[in-house]
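Below, each chain spelled out in residue letters.
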Amino acid sequence: MATLPQIAVLGAGIFVKTQYIPRLAEISHLFCLKYIWSRSEESSRGAVEIAKQHFPGVECKWGDQGLNDIVQDSSLIGTAVVLAGQVQVDISLKLLKAGKHVIQEKPAATSIPEIETALASYKSVCTNPGQPIWAVAENYRFEPAFVESKKLVAGVGDMMNVQVIIEGSMNSSNPYFSSSWRRNFEGGFILDMGVHFIAGLRMMVGCEVTSVSAITSHIDRSLPPPDIISSNFKLENGCSGVFVMVVSSSSPKIIWRVVGSKGTVQVERGKVDGKHGYLVSLYSADGQCKSTFHPFCGVHEELKFFIHDIVQANLKQGNGYEAEPRSSFVEGARDVAVLEAMLESGSKGGTLVNVKKF
């Protein structure tokens, strides 16, 4: 029997405890979780206690020495970086330079300059194109709802208009509301949450956003500015659309809608039989509507693809291996670029801004 690949998780916050550990447990037959690292010993031990139910041999690592131990451990081939947005890129590059494959949580970076520097650094450490793998964990690209909706959009004729309406629920009852790092970088919750919704948009339409014109505002003073953004955008296929995001609403609603000459495709977040997920609806020209509900499973899917990719890349060292393109750092960078353009336009009173290409 082949030896299972060994990985480490860097981060021990809410998302690691509530999502990464349970989702990794679902595919625990595919790998060995060797370490969980955090800046503090207390945080690391807290996450390890939860993980030991599924990974009895997992060990704690913390602080600078613990990070160095992980960087220098040649038995590790993969790492998951689930940290504050401001430090993820630097730590990811440190691991990549040590030859380890990385899946890093979104956002890919906090700004366009950071993306440009990161891509240049990554290129300099690649032994072969795309090796080691640098993936961004954007689970929306792995949700079956968006995989299906992309196929449906291809069948509704000429694209006429696109609408993305996000009325979020980022209030004091949300576990991420008090997250300090999300409050301390440009764009705040708009950037951190918004990359998900831009990823869903780009996945559905199958082409890039080329330019935007946005108005931003700040209404809820318990949130960092801006907390509202309304943007017109243009796609490279010539179609126009609107992106509206309210970070905290009393009536949460999340919808993507693509109107075509022969029908309309809509994806709406919701709940069916106690399960959270997405309702995908196809409205045909004859007035009929067919809907399918897809429970959330994007985190499970993206992690499963990453484990598969690092195993295959390890087997084919020097011969080249093309990892899952939906996870690529560049894809994550493109999501950030759209939000950055919208935020820049908003700061300039709605000036038309071209989206940086990657």
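Owing to the predicted nature of the structure, the values given are computational and were not obtained by experimental measurement.

Procedures and definitions
- Once a new chain begins, its residue numbering starts again from 1 and follows that chain's sequence as written.
- Reporting in this predicted model follows two pLDDT cut-offs: at least 70 for local features of residues, and 80 or more for side-chain atom pairs to be given and counted; totals over whole chains, interfaces and linings ignore these cut-offs and use all residues.
- Remark: hydrogens and water are excluded; side-chain values derive from all non-hydrogen atoms of the structure.
- Numbering goes from the N terminus for both helices and strands, where a helix is a DSSP run of H or I of at least four residues and a strand is a run of E of at least two.
- Using C-alpha atoms as the atom set, the radius of gyration is obtained and then compared with a globule rule of 2.2 Å times the number of residues to the power 0.38.
- In this description, contact between two residues means that some pair of their heavy atoms is separated by no more than 4.5 Å.
- What sets the accessible areas is the Shrake-Rupley method with a 1.4 Å probe; for residues, cover comes only from the shown protein chains.
- When charges are counted, Lys and Arg contribute as positive and Asp and Glu as negative, whereas His and the chain ends are disregarded.
- The atom standing in for a charge is NZ when the residue is Lys, CZ when it is Arg, CG when it is Asp and CD when it is Glu.
- Here a Phe, Tyr or Trp ring, Trp counted by its six-membered ring, pairs with any other such ring whose centre lies within 6.5 Å, and the pair is stacked when the planes are under 30 degrees apart, edge-to-face when over 60, and tilted otherwise.
- A simple rule labels every residue: compare its accessible area, found with a 1.4 Å probe on the protein chains alone, to the largest value its type can have, and call it buried under 20%, exposed over 50%, or partly exposed in between.
- We count a charge as sitting over a ring when the NZ of a lysine or the CZ of an arginine lies within 6 Å of the ring centre and within 35 degrees of the ring normal.
- Only protein atoms enter the 1 Å grid used here, on which a cavity is any set of points holding a 1.4 Å probe that cannot leave and a pocket is any open set flanked by protein within 12 Å on both sides along at least five of seven lines; residues with an atom within 4 Å of a point are listed as lining.
- Grid points are joined across faces, edges and corners, and a volume is the space filled by probe spheres set on the points.
- Classes in brief: Ala, Val, Leu, Ile, Met, Phe, Trp, Tyr, Cys and Pro nonpolar; Asp, Glu, Lys and Arg charged; the others, Gly included, polar.
- Domains are outlined according to an automatic or database domain assignment.

Participant: Even after reading the chapter, I still don't get the overall build of the protein chain, so can you show me in this structure?
Facilitator: Scanning the protein chain from terminus to terminus reveals 10 helices and 15 strands. Relative to its length of 358 residues, the protein chain is compact, with a C-alpha radius of gyration of 20 Å against a globular reference of 21 Å. A separation threshold of at least 6 residues defines the contact pool for the protein chain, and within that pool the share at least 24 residues apart is 68%. Here the protein chain displays about 15,600 Å² of accessible surface, and carbon together with sulfur accounts for 51% of that area. Distance between charge centres in the protein chain, computed from 34 positive and 35 negative side chains, equals 2 Å.

Participant: Please clarify how the packing of aromatic side chains should be interpreted in this entry.
Facilitator: What describes a pair of aromatic rings is the distance from one ring centre to the other and the angle between the planes of the rings. For the coordinates displayed, the defined rule picks out 14 aromatic pairs. Relative to Tyr 278, the ring of Trp 256 has its centre 6.1 Å away and its plane inclined at 70 degrees; by these criteria the two rings are edge-to-face. Placement of the pair is Trp 256 in strand β11 (residues 248-260) and Tyr 278 in strand β13 (residues 275-284), with a sequence separation of 22 residues. For Tyr 278, a relative accessible area of 1% puts it in the buried group. One aromatic cluster is present, built from ring pairs that chain together Tyr 140, Phe 146, Phe 197, Trp 256, Tyr 278 and Phe 296. A cation over an aromatic ring shows up here: Arg 257 above the ring of Tyr 283, its NZ or CZ 5.4 Å from the ring centre.

Participant: Would you take a moment to explain the layout of surface pockets for this structure?
Facilitator: One water molecule sets the probe size; rolling that probe over the atoms shows where empty space is left. Looking at the largest pocket, its volume works out to about 1,400 Å³. When residues of the lining of the largest pocket are traced back to their parent elements, those giving at least two are α1 (14-26), β7 (159-169), α7 (180-183), α8 (188-205), β11 and α9 (298-315). When residues of the lining of the largest pocket are assigned to their parent elements, the largest contribution, seven residues, is made by α1. Considering only residue class, the lining of the largest pocket consists of 22 nonpolar, 15 polar and 11 charged. Residues lining the lining of the largest pocket come from more than one domain, with at least three contributed by each of domain 1 (6-138 + 299-326) and domain 2 (140-296 + 336-354). Size it by volume and the second largest pocket reaches roughly 380 Å³. Residue lining of the second largest pocket: 22 residues in total, with Tyr 122, Gly 130, Trp 134, Ser 328 and Phe 329 positioned closest to the centre. Going through the elements one at a time, α5 (112-125), β6 (134-137), α9 and α10 (329-347) are the ones with two or more residues in the lining of the second largest pocket. Looking at the lining of the second largest pocket, the element that brings in the most residues is α9, giving four residues.

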